[in-house]
Amino acid sequence: MNLALKPSTKKIALVDCNNFYISVERVFNPALVNKPVVVLSNNDGCAVARSQEAKDLGIAMGAPYFKLKQKITQYSIEVYSSNYVLYGDMSARVMATLSHFSPDVEVYSIDEAFIDLSWLSGDELKKYATAIRRTIMMWTGIPVSIGIAPTKTLAKVANRVAKRQPQHHGVFVYPHTEPDKKTVLDTIAVEDIWGIGRQYSIWLRSNLINDAFELKNTPEWLIQPKMGIVGIRLLRELNGISCLSLELQPKSKRATCVSGSFSHPIKTLEQMKEAIATHTTSAGAKLRKQKQSTTAITVFILTSKFKDNYYSNSITITLPIATNRTPELINAAIRGLELIYRDGYEYKKAGIICQGLIPQNIRQGNVFLQDYSSDKQQRLMETIDRLNATMGRNTVFWGVSGINKSWIAKRDNLTSRYTTSWSELPIVKASLPSD
């Protein structure tokens, strides 16, 4: 370890929603509390979220749904389809709540965020974090765990302790003394350290490095040849030297992909056009939200790999000018689809990838296109996005996307979009007490 590097004096908190998908479902159905619950992936394929009660019954992460049906019936396990619209909105509410407690918030994932609490003294951290946890629960109904430490990697460690050791009541501050640090790090296996994947964990264990404390005290010369700069940063972070700053502005994406499997195989070009147009519409909305435009679109289609007569193909269409306007994106995507579609196949999945993304305010003109920079088209897109955001998803949609959409991914156990659709608002019934 390079002793010239100074330990961090920062106080970084990792706020992690507990079992987020399950917690969201429980907010709107309190009867699910203390019951085994499973949330399924797209097309109701496999388990992607499990309550602790379901884990205790042996429900494994990623287990195929069809293999779980007997156990689901035996133990009366509640099963739900992924409601990404609801989860996304509830996540936004949690992150908005965090902004009331710190101006520096890095949204790391749908259920995690780092926040800077460096202005607080050591004695205030626990109380302040407890207030954050209580407020999020009060305003959103989502339970969270909070770990606080000098670096982001140690904040991940502290959060794991807060979540797994009930005596800390959901908040844990990484200790200052070396014996206490050792006590914490000894309990963290190398494969459970943030940034350590399966191959790295196998290599570390082969070198008798089995937990976070042993990794913390490993010399850099041993780590660098195998793990490079990533390993050096991780090692220093475990030693309290901050190498990963908060990313307060999301990084610009290089590509945006929208794809999905079908509830039943698609056998006609018309249905495939509906699917591609639907995915392209979602991609266009994402691009506008990201304030980006795309210079090229890749369309791909494929049949099931587990059946005979397998076919897959893709094509990239370069756009004459970068855009994020849905009609232009759909025209390009449909043109590409027509070039790769083949009759006689049963297609299981399709999607599009928007590539070569650039800021939407950068426009290179094209002498063969007229009135492209017209504000009229841009205002149309903004109006559609605003209507769909305020009145519910797909309030306004493009006809080529279809109406019935019988091919759409299976979601037999989908709950309502309680917070984003007027037609799906929760209904509360009350009666006056009798005299």
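Just so you know, these numbers come straight off a predicted model, no measurement behind them.

**Student:** Describe the overall build of the protein, naming the residues involved and giving the relevant values.
**Tutor:** Counting its regular elements, the protein contains 13 helices and 13 strands. Across the 435 residues that make up the protein, the buried fraction comes to 44%. Carbon and sulfur atoms make up 53% of the accessible area of the protein, which totals about 23700 Å². Taking the average place of the 54 positive charges on the side chains of the protein and the average place of its 38 negative ones, the gap between the two points comes to 2 Å.

**Student:** Explain unusual backbone geometry residue by residue, including any values.
**Tutor:** Located in the positive-phi region is N309, a residue other than glycine, with phi close to 65 degrees. For N309, the location among the structural elements is in the loop between β10 (292-303) and β11 (312-323). Residue K405 is not a glycine yet carries a positive backbone phi of 50 degrees. Within the secondary structure, K405 is located in the segment after α13 (375-391). By relative accessible area, which is 15% here, K405 ends up buried.

**Student:** So what's going on with the sheet that holds strand β7 (residues 144-149)? Residues and values would help.
**Tutor:** Across the sheet, five strands lie side by side as β5-β6-β1-β7-β8; this open sheet has mixed pairing. Looking at which strands have only one partner, the edges of the open sheet turn out to be β5 (105-109) and β8 (171-173). The average undirected angle you get between the axes of adjacent strands in this sheet is 15 degrees. Bridge count between β5 and strand β6 (residues 112-116): four bridges; the pairing is antiparallel. Within β6, the position partnered with V105 by the bridge is I115.

**Student:** Tell me about the environment of G392, and name the residues and values.
**Tutor:** Secondary-structure assignment places G392 in the segment after α13. Setting aside anything within four residues of it in sequence, one finds G392 in contact with L387, T420 and S421.

**Student:** Kindly report on helix α3 (residues 65-75), identifying the contributing residues and their values.
**Tutor:** Among all positions of α3, only Y65, L68 and I72 are buried. On an axial view of α3, the arc spanned by its buried residues comes to 55 degrees, and they lie on one face. In α3, the exposed positions angled more than 90 degrees off the buried face are occupied by F66, K67, Q70, T73 and Q74. Where α3 is buried, its residues touch β2 (37-40), β3 (47-50) and β4 (78-81).

**Student:** Help me get a handle on the packing of aromatic side chains, residues and values and all.
**Tutor:** Here the structure, examined in full by the defined rule, presents 15 aromatic pairs. A centroid spacing of 5.7 Å and a plane angle of 70 degrees characterise the contact between Y108 and F114, whose relative ring orientation is edge-to-face. Overall, the relative accessible area of 0% leaves F114 in the buried class. By the ring-pair criterion, three or more aromatic residues cluster together here, those being F20, Y21, Y84 and Y87. Directly above the aromatic system of F114 lies the positively charged group of K152, at a separation of 4.8 Å from the ring centroid. Over the face of the ring belonging to F213 we find K182, whose NZ or CZ atom lies 5.0 Å from the ring centre.

**Student:** Residue-level account of the pairing of β7, with values.
**Tutor:** Counting buried positions along β7 gives six out of six residues, so the element sits mostly inside the fold. The side-chain alternation of β7 yields two buried faces, one formed by V144, I146 and I148 and the other by S145, G147 and A149. Across six bridges, strand β1 (residues 12-17) lies against β7 in antiparallel orientation. If you follow A13 over to β7, its bridge partner there is I148. Sheet topology places β7 next to β8; three bridges connect them, and they run parallel. Bridging from a neighbouring strand, I148 pairs with V173 of β8. Handedness of the crossover is the feature at issue here: the chain leaves β7, passes through helix α6 (residues 152-164), returns alongside β8, and the resulting connection is left-handed.

**Student:** So what's going on with the pattern of salt bridges? Residues and values would help.
**Tutor:** Any two side chains of opposite charge can pair, so long as their charged atoms come close to each other. What the rule picks out here adds up to 17 salt bridges. Measuring nitrogen to oxygen at the nearest pair gives 2.8 Å for the salt bridge that ties R93 to D89. Here R93 pairs with D89, and both are found in helix α4 (residues 84-98), just four residues apart, close to one helical turn. Across the salt bridge formed by E178 and K216, the nearest N and O atoms sit 3.7 Å from each other. Of this pair, E178 sits in helix α7 (residues 178-185) while K216 sits in helix α9 (residues 212-216); the two residues are 38 residues apart in sequence, bridging distant segments of the chain. Connected through shared salt-bridge partners, E178, K181 and K216 make up one network.

Conventions we followed
- Residues numbered from 1 in each chain as written.
- Predicted model: local features only at pLDDT ≥ 70, side-chain atom pairs only at ≥ 80, totals over all residues.
- Heavy atoms only, no water.
- Helix = DSSP H or I, 4+ residues; strand = E, 2+ residues; numbered from the N terminus.
- Buried < 20%, exposed > 50% of the residue type's maximum accessible area, 1.4 Å probe, protein only.
- Areas by Shrake-Rupley, 256 points an atom, 1.4 Å probe, with all protein chains shown as cover.
- Lys, Arg positive; Asp, Glu negative; His and termini not counted.
- Charge placed at Lys NZ, Arg CZ, Asp CG, Glu CD.
- Pairing = 2+ DSSP bridges.
- Axes fitted to C-alpha atoms, helices over the stretch in contact; angles between N-to-C directions.
- Contact = heavy atoms within 4.5 Å.
- Arc of directions from axis to C-beta.
- Phe/Tyr/Trp six-rings, centres within 6.5 Å; stacked < 30°, edge-to-face > 60°.
- Lys NZ or Arg CZ within 6 Å of the ring centre and 35° of its normal.
- Right-handed = clockwise from strand over helix to strand, strands pointing away.
- Salt bridge = Lys/Arg side-chain N within 4 Å of Asp/Glu carboxyl O.

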